[in-house]
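Structural characterization, general
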Amino acid sequence: MTGVAGSGGVEPGMIDGHPEPFPAPMPGIPVLRRPGENTDGALSQDVAQPGVADYAAAARATRTWQAYRADFRRFRGWCEQQDPPVTPLPAAPATVAAYLAAHASSHRPSTLARWGSALAVAHDLAGHPSPTRDPGVRTVLAGIRRTHWVRPERVAAASPPELRTIVAGFEPGLARDARDRALILIGFAGALRRSELAALTLEDLVVDGDGLRVYIAGSKTDPTGTGHTRGLAYGGHPDSCPVRAWQAWLEHRVAGLRHRQHQTPSPGANGAADDADEHLQHGPDGDQAAATAAAFVRIDRWGNMGRTAISGRAIAQIVGQRAAASGLDGHWAGHSLRRGFATTAYRAGQAEIALMRHGRWRSSSAMRSYIDEGTVWLDNPTRSLGL
């Protein structure tokens, strides 16, 4: 695949007269190579396969493609500024090594590694060997990491007492407070990432006799969308119980859907009713429920619920703002919930295998990175040194 033509009238950037190699994050038409064709050439649109671009774009998250595209354009601009200009695609290993070295003092090693990933994907999709896999390039990046090492930034790890402090002043009758309380407590108890919280729909959360079942359709460690169901037990403290918090927010959410159902739908840009995300259907109890609607939606300053799901970035802002308003110290963000779950559960004596399964960590080392600082005084050997 040498490139993907844009859609909706938006043309992608060109490289030596050919489209960028990334698939469009929206419906588009990919340009494929015939067997044995020179990878520098692009085929005409008449041999493009319908639907290929959609599936290619679905291989990664939209934000990932956007980041890759921006990273590659940065690299292309740098290549054009060299004297003489150098070729960005295919790029020589020496070009990539020089590019990374030129930015080593101004950007974090993790950022440079992401740039390398973007270049690798660009070359793979264009049918070229990736220069980032060259031993020389890898050696340069390793040297940059050793030379420009920086302490990782850690967000505060939430604890149950701190969560109760955050939600203490929430008003159950206010939709915004009910929503924020539910997403904070469910995010903590479920060890959910921001993207996982934002992607939840009403049918993904089901209350039964034991607690709240949460279906996670896809995640960072589940890119194929196999899905996982996790159970959140009733909490011993009503104020910090994720199940009760969900039930309280659900009342607001369903009321908002019923109110919208009786409103005249506004036509969308294509002339059809713009209520695709409000598929109302009858539940077993006869009540109407928008099963496929977003679980957590935007709420404007006047308390009106929107149709669209809240974003992961907004979730991070909510956690940070709510923690600051409660007088809590430290840097709080959406990641505080997942990190807080790991630290709290480990302190409580939960087995690592249980933590990994619940939090969907692929390895114990990945899970331990969430709890190392939070458990520094747990079974600390210096207590028995007699100092």
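In this report, we go over the structure that sits alongside the text.

Cut-offs applied
- Here the residue numbers are simple positions, counted from 1 along each chain's written sequence.
- Residues qualify for local features only when their pLDDT is at least 70, as the model is predicted, and side-chain atom pairs are given and counted only at 80 or more; totals for whole chains, interfaces and linings, by contrast, use all residues.
- Derived side-chain values reflect all non-hydrogen atoms in the structure, with water molecules and hydrogen atoms excluded from consideration.
- Secondary structure follows DSSP: runs of H or I at least 4 residues long count as helices, runs of E at least 2 residues long count as strands, and numbering of each begins at the N terminus.
- Residue burial is assigned from relative accessible area. The probe radius is 1.4 Å, only protein chains are included, and a residue is buried under 20% of its type maximum, exposed over 50%, and partly exposed in between.
- Every residue pair with non-hydrogen atoms within 4.5 Å of one another is taken to be in contact.
- In short, Shrake-Rupley with a 1.4 Å probe defines the accessible areas, and a residue's cover is counted only from the protein chains shown.
- An expected span of 1.5 Å times one less than the residue number is assigned to each helix.
- By this definition, two strands are paired if DSSP reports at least two bridges between them.
- Orientation is described by axes fitted as lines to C-alpha atoms, over the contacting stretch for helices, and by angles from 0 to 180 degrees between their N-to-C directions.
- The nonpolar core is taken to be a set of buried Ala, Val, Leu, Ile, Met, Phe, Trp, Tyr and Cys residues, with the residues joined through side-chain atoms within 4.5 Å.
- Classification of ring pairs rests on two measures: the distance between centres of Phe, Tyr or Trp rings, Trp counted by its six-membered ring, which must be within 6.5 Å, and the angle between planes, read as stacked under 30 degrees, edge-to-face over 60 and tilted in between.
- Sitting over a ring, as applied to charges here, requires NZ of Lys or CZ of Arg to be within 6 Å of the ring centre and within 35 degrees of the ring normal.
- A carboxyl oxygen of Asp or Glu within 4 Å of a side-chain nitrogen of Lys or Arg is what we treat as a salt bridge.

A tally of helices and strands in the chain yields 13 helices and 11 strands. Out of the 387 residues in the chain, the part that is buried amounts to 41%. In the chain, 61% of the contacts between residues at least 6 apart in sequence involve partners at least 24 apart. Carbon together with sulfur atoms contributes 53% to the accessible area of the chain, which is approximately 20,800 Å² in total.

Helix length check: helix α2 (residues 62–81), at 20 residues, gives a terminal C-alpha distance of 29 Å against a target of 28 Å (1.5 Å per residue), a fit within 8%. The set of residues buried in α2 consists of Trp65, Tyr68, Arg69, Asp71, Phe72, Phe75, Arg76, Trp78 and Cys79.

Turning next to the pairing of strand β11 (residues 305–309). Looking along a regular strand, one sees side chains alternate from face to face of the sheet. Pairing between strand β10 (residues 297–299) and β11: 2 bridges, direction antiparallel. Directly across from Val297, in β11, lies its bridge partner Ala309. Following β10, the chain reverses through 5 residues before pairing antiparallel with β11; Gly303 in that reversal takes a positive phi of roughly 85°.

A few words now on the sheet that holds strand β6 (residues 211–216). Spatially, the 3 strands line up as an open sheet ordered β5-β6-β7, and their pairing is antiparallel. For this open sheet the edge positions go to β5 (205–207) and β7 (228–233), each flanked by a neighbour on one side alone. On average, each strand axis in the sheet is inclined to that of its neighbour by 20°, with strand direction left out of account.

In this section: the nonpolar core. Among the nonpolar cores identified, the biggest contains 47 residues, and Ile166, Ile186, Trp246, Trp249 and Phe296 are the most heavily contacted of them. Among the secondary structure elements, those contributing two or more residues to this core are α6 (160–167), α7 (175–189), α8 (194–199), β6, α9 (242–261), β10 and α10 (312–325). The greatest single-element share of this core, amounting to 9 residues, is contributed by α7. Leaving out residues up to four positions away in the same chain, Trp249 has contacts with Ala175, Ala178, Arg179, Ala182, Ala295, Phe296, Val297, Ile299 and Met305. If you look at the next biggest cluster of nonpolar residues, it comprises 19 residues, including Phe75, Leu119, Val137 and Leu141.

Turning next to the packing of aromatic side chains. Under the defined criterion, the tally for this structure stands at 6 aromatic pairs. Through a chain of ring-to-ring contacts, the aromatic side chains of Phe72, Phe75, Trp78, Tyr99 and Trp115 assemble into a single cluster. The positively charged end of Arg301 is found above the aromatic ring belonging to Trp302, 5.4 Å away from the centroid. Above the ring of Phe170, the side-chain terminus of Arg322 is found at 4.1 Å from the ring centroid.

What follows deals with the pattern of salt bridges. Applying the stated rule across the entire model yields 8 salt bridges. We note a salt bridge from Asp177 to Arg322, for which the minimum N-O separation is 2.8 Å. Residue Asp177 is found in helix α7, and its partner Arg322 is found in helix α10; the two are separated by 145 residues along the sequence. Taking the relative accessible area as the measure of exposure, Arg322 reaches 18% and is therefore buried. Measuring nitrogen to oxygen at the nearest pair gives 2.8 Å for the salt bridge that ties Glu196 to Arg360. Residue Glu196 is located in helix α8, and its partner Arg360 is located in the loop between α12 (352–359) and α13 (364–368); the two are separated by 164 residues in the primary sequence. Take Glu196: its relative accessible area is 2%, and that puts it in the buried class. Overall, Arg360 belongs to the buried group, its relative accessible area being 5%. Bridged by salt links that share partners, the residues Asp177, Arg179, Asp180 and Arg322 form one connected network.

So, to be careful, I would describe these as geometric facts and stop short of saying anything about function.
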